[in-house]
Structures are given as C-alpha cells and as structure tokens.
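Summary of structural features
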Amino acid sequence: MKLYFTFLLVLFLSCQKSSKTEDTLSAQDNATSQANKDSTTQSMQQDIIESEKRFLDSLYNRESIKFISVLEEIPNRDTDAYKLTITSKDGKSKIVKILDVRPKMSKISYCNDLYTVVGFPCGGPCYSRVFVFTDKDRPTEQYSYSQEVKNNPNLITHIQDEEFGKLIIHNFSNSKELTVDISDANSQIYGQMDSMVVQKDNLVLYYLSGKNKNRVKKNKSEIHTVT
C-alpha cells in the first residue's frame, strides 16, 4: 500500500512539474511572439518614417543628370519666401535664386538639365509653376496649369486667363507659342492632358473628352511653327 501511495505521490509531483514546465514554455513562447510582433511593428514604423522622409526630401531636393537642385524656405516671409540653389555636379556652376512663391506650399515639381520647376497652388484648381533655368543669365518664367511634354523638355503646355479650351504650346528654345483647340476636352481636367509626346513631326495629345472618352489629337503641320 505504501508503495502504491508513493507511486501516486511521484506521479502527482511529476504532473505538477510537467504543468509548470508547460506554463513556463508557454509564457516564453508568448513573450517571444510578442517580442517578434513589437519588432515587426517597430520595423514597419521605421519604414514609414523613412518613406515619409524620402517623400519630403523629394519635395525640396531633386537632381538631373548634370545638376542638383535644393529648395529652402526662408522663415517668416510672405514674399520672396524661398531660395533655390542649382549646383552643377562638376562643381563649375552654381545658381541661387530668391523666389516669390507661396509660403508653406511650394515644392520642386521636377527638374532636368535645362531648368528646375518650382510649383505651388494658386487657388481652386489653379497651379502655377516657376521655371528656373540652368543658364544663369536667363530670367525665370512662370506659367499656370503648365505641363511638360514627356520626351522634349523644350516644350511645355499651359493655360492662359483660364481659357481651358485653348491649350498653349510653348517652346523654351525659341519662345514661340502655338494655340491648340481642346474645346472638346472634359471641363474637369483644366487643360491637363493624360500625356503629351512628340512623335516625328507630330505633337500627340492624349486626354479625356467631354463625353468621358479617351481622345488622341495630333498636330502635324502646326508643330513646325513652334519647333
């Protein structure tokens, strides 16, 4: 009988030890799992912070093949609120311009080896862009609702006096302009094409019509007058 009770006691103690061991392992597993979750969350938060930083940096720092552009806001100014510095990568050229653009709301829209574009909203759907050229002797130019032609940086389009049925093509190389009729375009696009590209002698415009259908317009003979 004593042997029987001794066996039960050993079995009971063994079960208790096993249960404690399982509880300990379970607690360790939970702690490890929580630590992994915390690490993953921290990593995701860090990725978001770095992504936001890269995005913010891209608003004020851009580079082309030959130039680096940096836009800096001058604090507490209502006018002449930004300084734009364009530096050549070979260190031979540096252009500094003080720009009278909208405080707290201006950014570098894009840049290439010909110019850097600083844009800002100007009320309602209006968006204005200032073109600062890498030729230091060339004055800046400003256009509203402007848009680049993808494969020809010398060509942009813009809208004048909010006449959205008339798209003006501007050539930076010779300052010539050409007006294209886009009166069939959807009024909500405010002169912004889906895309514009020069193909041989054609300037091809892709845009949404007033009937919400995609339109393609080619300007062949006219494009010679602007290019």
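Reference entry: report on the structure contained in this document. (Residues numbered from 1 in each chain as written. Predicted model: local features only at pLDDT ≥ 70, side-chain atom pairs only at ≥ 80, totals over all residues. Heavy atoms only, no water.)

**Some remarks on the pairing of strand β4 (residues 94-99)**
A regular strand places its side chains on the two faces of the sheet in alternate fashion. Note the cut-off: By the convention used here, strands pair only if DSSP detects at least 2 bridges between them. Think of it this way: any DSSP run of H or I at least four residues long counts as a helix, any run of E at least two long counts as a strand, and we number them from the N terminus.
As judged from the 6 bridges shared by strand β3 (residues 82-88) and β4, these two strands associate in the antiparallel manner. Bridge pairing links K83 to I98 in β4. A loop of 5 residues connects β3 with β4, the two strands running antiparallel in sequence, and G91 in this loop sits at a positive phi of about 75°.

**Examining the environment of F67**
Condition: Buried, partly exposed and exposed residues are distinguished by accessible area as a fraction of the type maximum, computed with a 1.4 Å probe on protein chains only: under 20%, between the cut-offs, and over 50%, respectively. We call two residues in contact whenever any of their non-hydrogen atoms come within 4.5 Å of each other.
Relative to the helices and strands, F67 is located in strand β2 (residues 67-73). F67 sits in the buried class, given a relative accessible area of 13%. For F67, the contacting residues outside a window of four places in its chain are R62, I86, T87, S88, K89, D113 and T134.

**Regarding the state of the cysteines**
To keep things clear, this is the line we draw: In what follows, a disulfide is any cysteine sulfur pair within 2.5 Å.
Within the structure shown, the criterion is met by 1 disulfide. Across a sulfur-sulfur distance of 1.9 Å, C122 and C126 are joined as a disulfide pair. Around the S-S axis, the bridge from C122 to C126 shows a dihedral of about -70° and counts as left-handed.

**Comments concerning the sheet that holds strand β1 (residues 61-63)**
To keep things clear, this is the line we draw: All axes here are fitted lines through C-alpha atoms, helices being fitted over the stretch that makes contact, and every angle between N-to-C directions spans 0 to 180 degrees.
Across the sheet, which stays open at both edges, the 4 strands sit in the order β1-β2-β3-β4 with antiparallel pairing between neighbours. Because the sheet does not close on itself, it has two edges, and the strands there are β1 and β4. Pairwise comparison of adjacent strand axes, ignoring direction, gives a mean angle of 15° for this sheet. Here β1 pairs with β2 via 3 bridges, running antiparallel. Residue pairing for β2: E63 is matched across the bridge by I68.

So yeah, pure geometry; function would need other evidence.
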